[in-house]
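Residues per chain are reported as follows:
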Amino acid sequence: VSDINRRFRVMRLTSAFLLALPPLLSVTVRVRVRHYSSTKLFVAGLSYDTNQPVLRDSFGQHGEIIEVKVICDHMTEKSRGYGFVRFVSETTAATACKEMHAQILDGRRIQVSYAHKG
């Protein structure tokens, strides 16, 4: 079962639960659904020396990459310590997320998670 199917199953169960609430309850319930990109990863904890080719090489071991972006300060052009990696498929992104999280890259332990859709 893919990660997307699991998310929708949880939303369906939540919706069914909310519909079953007694109408006498005067409680406003808001369901906030967060959207995550299933092929784009957020990479935090990067060394300020880590550049896009280094990030592409280290994550490229896990599959074909569409885009790599290290976020830099617009004034100094130095890395801000985080970036994004977009993979061709959900499977390769999931593998890279699992395998690269908490690994050492350029002397720093990085954190890898799915990127939020903006």
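Note that the coordinates shown come from a computational prediction; the quantities given were computed from them, not determined experimentally. (Residues numbered from 1 in each chain as written. Predicted model: local features only at pLDDT ≥ 70, side-chain atom pairs only at ≥ 80, totals over all residues. Heavy atoms only, no water.)

Across the protein, pLDDT averages 82, with 68% of residues at or above 70. The secondary structure element of the protein with the lowest average pLDDT is helix α1 (residues 3–19), at 52, and the one with the highest is strand β5 (residues 108–109), at 98. (pLDDT = per-residue confidence, 0-100. Helix = DSSP H or I, 4+ residues; strand = E, 2+ residues; numbered from the N terminus.)

Let us now look at the nonpolar core. The biggest cluster of nonpolar side chains holds 17 residues, and the ones touching the most others in it are Leu55 and Phe59. At the level of secondary structure, the elements contributing two or more residues to this core comprise β1 (36–44), α2 (52–59), β2 (65–72), β3 (79–87) and α3 (90–100). If one sorts the elements of this core by residue count, α3 sits on top with four residues. Among all residues touching Phe59, those that are not within four sequence positions of it are Leu41, Val43, Ile65, Val85, Phe87, Ala96, Met100, Ile110 and Val112. (Core = buried A, V, L, I, M, F, W, Y, C linked by side-chain atoms within 4.5 Å. Buried < 20%, exposed > 50% of the residue type's maximum accessible area, 1.4 Å probe, protein only. Contact = heavy atoms within 4.5 Å.)

What follows covers the pairing of β2. Pairing geometry for β2 and β3, over six bridges, is antiparallel. The residue of β3 that forms the bridge with Val70 is Gly83. Adjacent in sequence and paired antiparallel, β2 and β3 are bridged by six residues, among which Glu77 carries a positive phi angle near 60°. (Pairing = 2+ DSSP bridges.)

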